[in-house]
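# Examination of the molecular architecture
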Amino acid sequence: EDGSRPFLMTLGYVSIDLVARIDVMPHRSDRITSERIARHLGGPAANVAVAAAGLGEPYPLDVELATAIGRDPESLWALERLAGAGVRARAIRDPFRDRLSRCMVLLESDGSRTKINEPLTLGELDLLPQLPSYPVRRPSWLHADGYHSEQLFAAAEQLKSLGWKISIHDTGLPARFLGPDGLETLVSTLDVTFLSRRTAAKMLGGGLAAEHLTTAMAERLSGMDGRGDVVLTLGPDGAALFPATAEE
């Protein structure tokens, strides 16, 4: 632990990604040969942690991943990969499962990705009580994937009272958030909400065009007081930032 750096803890699951590189998605009952099938570290919260730890100067961070793992060799491999990327794992062993979650990714030559995953949510294995119960002594941030939003929301008031900033990205968000009321709940509770264009389209009831989404999001957020920041990711079109302090 480096107390001189801002602290980021990501809450969510880690998985093994089996990535198959193919020319194009096969039809039903087809048999194709992949260029290769490679094993990678995956999982929404793990990906955020690894990316954050890799930023380095001028944004050095002290990063932990709060997650659950199994008892299989892949769990040990994942912990070693996390450590090699500069991420400490605050991991507990799930007594109901003996192995790590897996995700199959079909990666086409044009960059399109099709995923089949088994998100093993933490459920009753609540990691939040392991967090310090005293006020933070340095800038501290807790970020959760959408699969574990309910845990984060249950502890939001307490975390904020201790000085934590909190945020979520939309992977695995429950259906109750995927509408106008859900958007308002997220941005009124969280310091930052990260949304993909598909999630934003569901919340706003519109299409996926970047210009349309950006305008619609700006209009929707303009009438909300006391909200947090919103980041709308737009794939090849970049991203749009809607700061809570912005007048436009």
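Everything discussed here concerns the structure shown above.
Heads up: these notes are all about the structure in this document. Keep in mind the model is a prediction, meaning the values are calculated, not measured. (Residues numbered from 1 in each chain as written. Predicted model: local features only at pLDDT ≥ 70, side-chain atom pairs only at ≥ 80, totals over all residues. Heavy atoms only, no water.)

In this section: the packing of aromatic side chains. All chains considered together, the criterion is met by three aromatic pairs. In this structure, Arg39 is placed above the aromatic ring of Trp77, and the distance from its NZ or CZ to the ring centre is 4.1 Å. (Phe/Tyr/Trp six-rings, centres within 6.5 Å; stacked < 30°, edge-to-face > 60°. Lys NZ or Arg CZ within 6 Å of the ring centre and 35° of its normal.)

On to the nonpolar core, then. Counting 35 residues, the largest nonpolar core has Leu142, Leu152 and Leu232 as the members making the most contacts within it. The element that contributes the greatest number of residues to this core is helix H3 (residues 149-161), accounting for five residues. (Core = buried A, V, L, I, M, F, W, Y, C linked by side-chain atoms within 4.5 Å. Buried < 20%, exposed > 50% of the residue type's maximum accessible area, 1.4 Å probe, protein only. Helix = DSSP H or I, 4+ residues; strand = E, 2+ residues; numbered from the N terminus.)

The next point concerns the side chain of Asp62. Checked against the element boundaries, Asp62 lands in strand S4 (residues 62-69). Among the polar contacts listed, one links the side chain of Asp62 to the side chain of Arg138, at a separation of 3.0 Å. (Polar contact = N/O pair within 3.5 Å; in protein donor to acceptor, adjacent residues only side chain to side chain.)

Moving on, we get to the sheet that holds strand S2 (residues 15-22). The strand order across the open sheet built from four strands is S3-S2-S6-S7, with neighbouring strands paired in mixed fashion. For this open sheet the edge positions go to strand S3 (37-42) and strand S7 (113-117), each flanked by a neighbour on one side alone. Averaged over neighbouring strand pairs, the angle between their axes works out to 25° when direction is ignored. Across the face of the sheet, helix H2 (residues 73-84) comes into contact with S2, S3 and strand S6 (101-108) while running at roughly 65° to S3. (Pairing = 2+ DSSP bridges. Axes fitted to C-alpha atoms, helices over the stretch in contact; angles between N-to-C directions. Contact = heavy atoms within 4.5 Å.)

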